[in-house]
Amino acid sequence: MNNPKTPSRHRSRSEAKTPLTPSILSGLNNISLAPSTTKRTTRPGAPTKSKSSTGPFDTTNPFIAPLPKSRPSSPVKRITSGGIPNSDSFQRQANGGVIRKGGVESRLDVVTRDYVPPPKPEVKRSKSTPAVNRAGADKRDRFITNREATDIAAVSATMEQMSLNPQNSSPGHTARLAAATGMPLNRRILGYHEQPPSASSSDTTLAQQREFAKPLYAQRPGAIATSTGAVSNKTRKIPTQPERVLDAPGMVDDFYLNLLSWSCQNAVAVALEASTYIWKADTGAVVQLGECSEGSYVSCVDFSGDGAFLGVGVGNGDVELWDVETGQKLRTMSGHQAQVAALSWSQHILSSGCGDGSIWHHDVRVPRHKVMELLGHTGEVCGLKWRSDGELLASGGNDNVVNIWDGRVGDVAEGARGSAKWTKRNHTAAVKAIAWCPWQPSLLASGGGTNDATINVWNSTTGARLHTLRTPSQITSIQWAPHKKEILTTHGYPTNSIMVHAYPSMERVAEIRDAHDSRVLFSCVGPAGDVVCTGAGDENLKFWRIWEIASETTKKKKTLGVGDELGGGRPNSTKEGILSIR
């Protein structure tokens, strides 16, 4: 009996569309090639039905589960070269796929999902370069904010939290920098604002401590090793040593007094305790003019415009008038209740500044000498100077105030009062240094004490402050150069110097450091305008040649030869050495 044949329609589909995939090959390897036993049940008159194939090979479908009575498949799996191992999961997938769907497409789907691609090698990249930017996928710029994709409210809330609590700020570079420097993110590092106001003046103890300690820490730029060094620019050279030194024992070391004056007749008046001396530069002769009452002292001196009279202020409040030629005291004008620390002449009017803040005008020609009183200071008047034309009077006091008064006295009776034309309160210390400009009468220069140390130049016509210059130490006196546009100032601790400044640039032209062993308290300019005399608490008078005199005077000096004069007078033989005024 021949083997049963498969219907042609089934055979054609199997031959045409069934490929030998690895799954099918694995299934075929598991098929047993031994012939199976054939069981037939024969009935008389019944057709014969085969249970299994009777051929030498079993051609049953390997994906159909075997019958329960059939022998189970061998557990030993033979793997052919190039085959894929059969696992339980793979078997379940294959069996489930064929049974549910069948056909070639289902088998291909199962095989495709079975494939596992090999791992790709990892691309190594620099840690500092973002991979997205290098690959070109992200075209954003980290320095330019994308406002369309940015929530402004969220950003502002984050910034507010960062400013209130810097410890919880963002971990970005800006936040780390802010945390390292201790600066909040919403605060500017550079602020262009005015300086904060000074400390309140109600704390007098702190103010006193600052005043005492300020001279110790005053700036001394360009200090010189020598005790009498000089600093000057390339265009100006001034002598570093004085031309003459006079011994003045008993000179009072008091900032508020004015104990030195130089007349137009080339005579220098100096007050030493209770006595007044006149040194004549022409001959070198020293004359004692007189002494004040016992128990008192001379507080100021000043020559009249013609040099014939000398006004002397006394510590008890008297004002004395002396004839220089005869050496006689002409009169004593009383009335002040405190010391007279400043005097100034304007023709026949002698003005005196008192310790109680009042200024009196004395007419020396009449018996009733007091013709006017000026009330404008609350502190002691320590600086007083008339303008050369007699129209204005400038005063400075211990109340840090500069007053400019109308000098037109007129025919007034005793008890008349005057008011200041201008009152300036820019200084922060006592104003003793006062000087009018000789070649521009509207200019007034003033200098402050230790807490101020500032030079101010005022316009007496408009009241405006034209120039201000800060100096290293207190200003004790100020002088205008008669023939040059320069200002000379003398200073106290710690520099004890003489400084020359150009005008109007206020640039420092020259400086003599440590001009005296003590603070330089007094100064006056000779009638020729080239020599300056200074006095200090070291009991010395020193004469410095600061400026060059006019060409006519220079020619006159050349004809005189070696024995030249000091201050514009006759030649004398007392130039060298230290002279005693006594």
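Looking at an unreviewed UniProt entry, one finds the chain named CDC20/Fizzy WD40 domain-containing protein, with Psilocybe cubensis as its source organism. According to its UniProt record, the chain has this under Sequence similarities (unreviewed entry): "Belongs to the WD repeat CDC20/Fizzy family."

Draft legend 1. Local environment of the overall build of the chain. Broken down by element type, the chain carries nine helices and 31 strands. The buried share among the 582 residues of the chain stands at 41%. Counting every atom, the chain has about 34800 Å² of accessible surface; 52% of that belongs to carbon and sulfur.

Draft legend 2. Summary view of the side chain of Glu-380. Topologically, Glu-380 is positioned in the loop between strand E14 (370-375) and strand E15 (381-386). Of the side chains with opposite charge, Lys-432 lies nearest to the buried Glu-380, which makes no salt bridge, at 10 Å. Within the structure, Glu-380 has its side chain in polar contact with the side chain of Gln-339 (distance 2.7 Å). Ignoring any residue separated from it by four or fewer positions in sequence, one finds Glu-380 in contact with Tyr-256, Gln-339, Ala-341, Cys-354, Gly-355, Gly-357, Gly-396, Gly-397 and Asn-398.

Draft legend 3. Just the UniProt feature "repeat: WD" (unreviewed entry) in the chain, in detail. This chain's UniProt record puts "repeat: WD" (unreviewed entry) on residues 298-332 and 374-406. Helix and strand shares over residues 298-332 are 0% and 63% respectively, and the end C-alpha atoms of the span are 13 Å apart. Split by type, residues 374-406 is 0% helix and 58% strand. Its first and last C-alpha atoms lie 10 Å apart.

Draft legend 4. Summary view of the packing of aromatic side chains. Tallied over the entire structure, the rule returns six aromatic pairs. Taking 5.3 Å as the distance between ring centres and 85° as the angle between the ring planes, the aromatic pair formed by Phe-255 and Tyr-256 counts as edge-to-face. Ring centres 5.7 Å apart and planes at 85° place the aromatic pair Trp-262 and Phe-543 in the edge-to-face group. On the criterion of sequence distance, the pair formed by Trp-262 in strand E3 (residues 260-262) and Phe-543 in strand E30 (residues 540-545) is long-range, its members being 281 residues apart. Neither Trp-262 nor Phe-543 differs from the other in exposure class; each is buried.

Draft legend 5. Geometry of the confidence of the model for the chain. Counting all residues, the mean pLDDT for the chain is 74, and 58% of those residues have values of 70 or more. Scored below 50 in pLDDT, residues 8-16 shows two contacts in the model against residues more than four places distant or in partner chains. A low-confidence stretch, residues 569-579 stays under pLDDT 50, and its non-local contacts, those more than four residues away or across chains, total 31 contacts.

Draft legend 6. Quick look at the nonpolar core. Core analysis: the biggest nonpolar cluster contains 35 residues, and Met-251, Leu-260, Leu-310, Leu-541 and Phe-543 have the highest contact counts within it. Elements that contribute at least two residues to this core include exactly E3, strand E4 (267-272), strand E5 (275-280), strand E7 (298-303), strand E8 (309-314), strand E28 (520-525), strand E29 (531-536) and E30. With six residues, E4 is the largest single contributor of residues to this core.

Draft legend 7. Focus on the pairing of E8. In terms of burial, E8 is a largely internal element, five of the six residues being buried. With five bridges connecting them, E7 and E8 associate as antiparallel partners. Each bridged residue has a counterpart across the sheet, and for Asp-302 the counterpart in E8 is Gly-311. Between E7 and E8, which pair antiparallel in sequence order, lie five residues; one of them, Gly-307, sits at a positive phi of approximately 75°. As judged from the five bridges shared by E8 and strand E9 (residues 319-323), these two strands associate in the antiparallel manner.

Draft legend 8. Main features of the environment of Pro-482. Counting through the fold element by element, Pro-482 comes out in the loop between strand E24 (475-480) and strand E25 (486-491). Setting aside residues no more than four positions away along its own chain, Pro-482 makes contact with Pro-438, Trp-439, Val-525, Gly-529 and Trp-547.

Draft legend 9. Quick peek at the side chain of Thr-276. Within the element layout of this structure, Thr-276 appears in strand E5. Contacts of Thr-276, omitting those with residues within four sequence positions, involve Val-270, Ala-271, Val-287, Gln-288, Leu-289, Gly-290, Val-298, Val-301, Leu-310 and Val-312.

Draft legend 10. Local environment of unusual backbone geometry. The peptide bond linking Tyr-493 to Pro-494 adopts the cis configuration, its omega dihedral lying at 0°. Residue placement: Pro-494 occurs in the loop between E25 and strand E26 (498-502). Backbone torsion omega between Tyr-503 and Pro-504 reads 10°, so that peptide bond is classified as cis. Looking at the secondary structure, you find Pro-504 in the loop between E26 and strand E27 (508-512). For Gln-347, which is not glycine, the phi dihedral falls at a positive 55°. Positive phi is not limited to glycine here, since Asp-514 has a value of about 50°. In this structure, Asp-514 sits in the loop between E27 and E28. Judged by its relative accessible area of 21%, Asp-514 is partly exposed.

Draft legend 11. Molecular detail of the state of the cysteines. Applying the stated criterion to the full structure yields zero disulfides. Cys-533 provides the cysteine sulfur closest to Cys-524, a residue in no disulfide bond, and the two sulfurs are 4.6 Å apart. Its relative accessible area of 7% is what places Cys-524 among the buried residues.

Draft legend 12. A look at the sheet that holds E8. Across the sheet, which stays open at both edges, the four strands sit in the order E7-E8-E9-E10 with antiparallel pairing between neighbours. The two strands at the open ends of the sheet, each matched to only one other strand, are E7 and strand E10 (328-333). Between one strand axis and the next, the sheet turns by 20° as a mean value, whatever way the strands run. Relative to E10, E9 is paired through five bridges, and the arrangement is antiparallel.

Draft legend 13. Expanded view of the sheet that holds strand E20 (residues 431-436). With antiparallel pairing, four strands are arranged side by side in an open sheet as E20-E21-E22-E23. With partners counted over all chains shown, the strands left at the sheet margins are E20 and strand E23 (465-470), one partner each. Neighbour to neighbour, the strand axes of the sheet diverge by 15° on average, direction disregarded. For E20 and strand E21 (residues 443-448), the ladder comprises five bridges, and the chain directions are antiparallel. Each residue of the ladder has a partner; that of Val-431, found in E21, is Gly-448.

Draft legend 14. Expanded view of the pattern of salt bridges. Applying the stated criterion across every chain yields a total of 10 salt bridges. Between Glu-511 and Arg-508 there is a salt bridge; the shortest N-O distance is 2.6 Å. The exposure class of Arg-508 is partly exposed, given its relative accessible area of 33%. Put simply, Arg-545 and Asp-530 hold a salt bridge, and the shortest N to O gap is 2.6 Å. Taken as a pair, Arg-545 in strand E30 and Asp-530 in the loop between E28 and E29 lie far apart in primary sequence, 15 residues in all. A single burial state applies to Arg-545 and to Asp-530, both of which are buried. Among the ionic contacts, a cluster of salt bridges with common partners joins Glu-243, Asp-530 and Arg-545.

Rules behind the numbers
- Residues numbered from 1 in each chain as written.
- Predicted model: local features only at pLDDT ≥ 70, side-chain atom pairs only at ≥ 80, totals over all residues.
- Heavy atoms only, no water.
- UniProt positions renumbered as here; feature names shortened; annotations may be inferred.
- Helix = DSSP H or I, 4+ residues; strand = E, 2+ residues; numbered from the N terminus.
- Buried < 20%, exposed > 50% of the residue type's maximum accessible area, 1.4 Å probe, protein only.
- Areas by Shrake-Rupley, 256 points an atom, 1.4 Å probe, with all protein chains shown as cover.
- Lys, Arg positive; Asp, Glu negative; His and termini not counted.
- Salt bridge = Lys/Arg side-chain N within 4 Å of Asp/Glu carboxyl O.
- Polar contact = N/O pair within 3.5 Å; in protein donor to acceptor, adjacent residues only side chain to side chain.
- Contact = heavy atoms within 4.5 Å.
- Phe/Tyr/Trp six-rings, centres within 6.5 Å; stacked < 30°, edge-to-face > 60°.
- pLDDT = per-residue confidence, 0-100.
- Core = buried A, V, L, I, M, F, W, Y, C linked by side-chain atoms within 4.5 Å.
- Pairing = 2+ DSSP bridges.
- Disulfide = S-S within 2.5 Å.
- Axes fitted to C-alpha atoms, helices over the stretch in contact; angles between N-to-C directions.

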